[in-house]
Amino acid sequence: MKITLLIAYMLASFIVLCQNIEIHQGPKNRFASNWFVSDILTSDANGIITIQEKRGIFRKPTYKLQNYDQSMAPLPEAEFELPDKDLEIQQFLYKNETVFIFFSKYDKDKNLNFLYGTTLNRRGQLNQNFFELAAVEADSKRKINSFDINHAHDSTKFLISIIPPFSKKENQQVHFLVLDHEFKEYDNVQIKFPYEDRDINLKDAQLDKDGNIHLMASVALPGEDGKRRGVLADWDLRLFTYYKDDESFKEHKVTIGRNEEDTYLTQVQMFRDAKGVIHCSGFYSNNKQNSVKGLFTLDVDTENKTIKNIKHQDFTDEFINEFLNKRQQKKKQRAQERGSNRFDELRNIVLRDFVLKSDGSFYFVAESYVYYVVSTTDANGVTRTTHHYVYGDVLLADVKVDNTVNWFARIPKYQHTTNDNGKYSGLSTSIGKNDELYVIFNDSKKNANIKYPEKRINFNLKNAITVLVSFDQKGDFNKTALMPAKEAATILMPKMYYASSPGDLLLFATTRKDYRFINIRF
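Residues numbered from 1 in each chain as written. Predicted model: local features only at pLDDT ≥ 70, side-chain atom pairs only at ≥ 80, totals over all residues. Heavy atoms only, no water.

Caption draft 1: Focus on the overall build of the protein chain. Tallying secondary structure elements over the protein chain gives four helices and 36 strands in all. What you see for the protein chain is a C-alpha radius of gyration of 25 Å, in line with the 24 Å of a compact globule of 522 residues. Its C-alpha atoms give the protein chain principal-axis dimensions of roughly 70 × 65 × 60 Å. Counting only residues that meet the buried cut, the protein chain has 50% of its 522 residues in that class. At a minimum sequence separation of 6, the contacts of the protein chain that also span at least 24 residues come to 52%. (Helix = DSSP H or I, 4+ residues; strand = E, 2+ residues; numbered from the N terminus. Rg over C-alpha atoms; globule rule 2.2 N^0.38 Å. Buried < 20%, exposed > 50% of the residue type's maximum accessible area, 1.4 Å probe, protein only. Contact = heavy atoms within 4.5 Å.)

Caption draft 2: Structural detail: the sheet that holds strand 16 (residues 213–220). Ordered by their spatial adjacency, four strands build an open sheet running 15-16-17-18, and the pairing between neighbours is antiparallel. Only two strands of the sheet have a single partner each, and these edge strands are strand 15 (200–207) and strand 18 (248–253). Across the sheet, the mean angle from the axis of one strand to that of its neighbour is 20°, orientation sign disregarded. Judged from the six bridges that link them, strand 17 (residues 235–243) and strand 18 form a sheet pairing that is antiparallel. Considered in strand 18, the bridge of T241 is made with K250. (Pairing = 2+ DSSP bridges. Axes fitted to C-alpha atoms, helices over the stretch in contact; angles between N-to-C directions.)

Caption draft 3: Region of interest: the packing of aromatic side chains. The final tally for this structure, using the stated rule, is 38 aromatic pairs. Pairing F354 with F362 gives two aromatic rings, centres 5.7 Å apart and planes at 85°, and the pair type is edge-to-face. Its relative accessible area of 0% is what places F362 among the buried residues. Each residue in the set F271, F283, F315, F319, F323, F354, F362, F364 and F408 is aromatic and connected to the rest through ring pairs, giving one cluster. (Phe/Tyr/Trp six-rings, centres within 6.5 Å; stacked < 30°, edge-to-face > 60°.)

Caption draft 4: Structural view of the side chain of R272. Tracing the chain through its elements places R272 in strand 19 (residues 264–272). As a buried residue without a salt bridge, R272 has its nearest oppositely charged side chain in D204, at a separation of 7.8 Å. Within polar-contact distance, the side chain of R272 engages the backbone oxygen of H151 at 3.1 Å. Only 2.5 Å separates the side chain of R272 from the side chain of Q206, close enough to count as a polar contact. (Lys, Arg positive; Asp, Glu negative; His and termini not counted. Salt bridge = Lys/Arg side-chain N within 4 Å of Asp/Glu carboxyl O. Polar contact = N/O pair within 3.5 Å; in protein donor to acceptor, adjacent residues only side chain to side chain.)

Caption draft 5: Geometry of the nonpolar core. The biggest cluster of nonpolar side chains holds 20 residues, and the ones touching the most others in it are L396, I411, L437, V439, F441, V469 and F471. Looking at this core, the elements that each hand over two or more residues are strand 26 (362–377), strand 27 (383–399), strand 28 (405–411), strand 31 (437–444), strand 32 (464–471) and strand 33 (477–484). In this view, F471 contacts L396, W407, A409, I411, E436, L437, D476 and F477; residues no more than four positions away in its chain are not counted. (Core = buried A, V, L, I, M, F, W, Y, C linked by side-chain atoms within 4.5 Å.)

Given below as structure tokens:
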């Protein structure tokens, strides 16, 4: 144990000297039986707060609040129990030294789902005052999760979307409830969309600093006979905004300036930038397959009640070639000579994150991802099923304040695991104090210091090493090896992280029974 800690300390000291990066590893901890960390609520000057969860096959999850001190060592745990066994926890949110808990309950006699709220303090003491917030008609107990909860931009209010059961022939209606941190009502809005329930799919809802509610949805387009075809229809992107000042409700059709008949908007997400502006950004394609041609971004103009700064940027042929191996590039060349090209778009690219900069610009982060299942049957008739998770290259774009793209970049990466749900694959992202971008992921030791390896070697638990890729403002990057998993006795879970402030990132590393936190300061 002393040797392991010494190696880790020597490695961290070396990185500090070379890259001006501080790495602080917390002590290794052991999970109690069947417990795991399900969420990191905060990491601040007082320490870390996590939610730990225990699941059983025939029992509901059990939760506890786990605090850690400034050295990332665990403090006494605080297991708490809800007073009613029929309560289902919907969400945990943290703000101002308080953990807010939202939970629901299905009332079979009334056929209603009820939403409640209460709080925990940092010591895990449960507030016994349960606030009934909303109720919605339910079809059955299986449809109990009919609520969606988001924090507002200023983090002083909650936006709760209350979605009634599906109605085939009626227009969709959604009830929005805005509450302060004392669960007092700030606004209460009923919105009826001009589309039947089957023809609209509400994807996201955001509350801005002025109390306006912004909604993103896909809408089914009518066929040649003027009738919409539900799930079989083509879909169009719409933005809706409820304006609090005059209680008006506006719909905006999203067009990005290309040939709209040949452009399909995909993987679109809505988010607020560092200045509170509502953006809508995603990929577009020239076909309906799993491919992308470029990216677009637009803003919601709340003053003029419209959308603005609509920009799009195709990927260049040279940039697409970076994601193709030599065999694929030869196929692409032969296809072009025949007058067709199945490689004119990027395939299997998934939007992951928007990393916000201080001036309102942002980094667009995506990743190659493929999931597939292989089943084999042996001579004895025994069937074995293997789930494959392949996380590949990272696609990045630097998007300026006016939504134009400053640069595109690719980080070579290859992570292929089976039957683990991609637990140790994927990436973490963070912003530096000077708005520089950092990307962290697990790699093979043989690729750890190579920016563009000729052969991307898969990592495993024995040869894995955590690497950090840092970008400058021109899109150039450096790749640095950080922490070997073997010496640290844990391996990074990239999807579990907490960015408390620019230049300060908390990471989580684990094995099956052990775990630790790692703090990186840029």
